[in-house]
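Here are the chains, one letter per residue:
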Amino acid sequence: MTQSIRPAELAINLFGGIRSLARAVDRDPAAISRWKKRGRIPASAQVEVLAAALERGIPMTANDIVWGRDVVAD
């Protein structure tokens, strides 16, 4: 069975949590929480998140940031 992970949730998971992602992109954790609630990363922050992932060796693509990712669920 596959499960879709929305972009914000995926980024939060890959960066290790809301606070870690907030620090990586120099945003308030409350802003990241709003991203999570909406399920998306605002267009104005997408390049910044992708660049932060690249700097840290986090396996994230532009497609992940816009569309999320399908994963196999156990």
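Residues numbered from 1 in each chain as written. Predicted model: local features only at pLDDT ≥ 70, side-chain atom pairs only at ≥ 80, totals over all residues. Heavy atoms only, no water.

Points about the overall build of the protein
So the rule is basically this: Numbering of helices and strands runs from the N terminus, with a helix taken as a DSSP run of H or I at least four residues long and a strand as a DSSP run of E at least two residues long. For a compact globule the rule gives 2.2 Å times the number of residues to the power 0.38, and the radius of gyration it is set against comes from C-alpha atoms. Burial classes follow relative accessibility: with a 1.4 Å probe on protein chains only, a residue under 20% of its type's maximum area counts as buried, one over 50% as exposed, and anything between as partly exposed. By the convention used here, residues are in contact when the closest approach between their heavy atoms is within 4.5 Å. Each accessible area is a Shrake-Rupley estimate made with a 1.4 Å probe; only the visible protein chains count as cover when residues are assessed. Two residue types count as positive, namely Lys and Arg, and two as negative, namely Asp and Glu; His and chain ends fall outside the count. A single reference atom marks each charge: NZ on Lys, CZ on Arg, CG on Asp, CD on Glu.
A count of helices and strands for the protein gives 5 helices and 2 strands. Traced from its N-terminal end to its C-terminal end, the protein shows the element sequence β-α-α-α-α-α-β. Scaling as 2.2 N^0.38, a compact globule of 74 residues should have a C-alpha radius of gyration of about 11 Å, and the protein matches this with 11 Å. A buried classification covers 36% of the 74 residues belonging to the protein. By sequence separation, contacts in the protein at least 24 residues apart represent 59% of the contacts at least 6 residues apart. Total accessible area on the protein stands at roughly 4800 Å², and carbon and sulfur atoms take up 52% of it. Here the protein carries 11 positive and 8 negative side-chain charges, and the mean point of each set is 7 Å from the other.

Things to note about the environment of P59
Position of P59 relative to the elements: it lies in the loop between α4 (43-56) and α5 (62-67). Taking the C-alpha atoms as reference points, P59 and L14, 45 residues apart in sequence, are found 7.9 Å from one another. If we skip the residues at most four places from it in the chain, P59 touches L14, D64 and R69.

Function-wise, these values are silent; they only describe arrangement.
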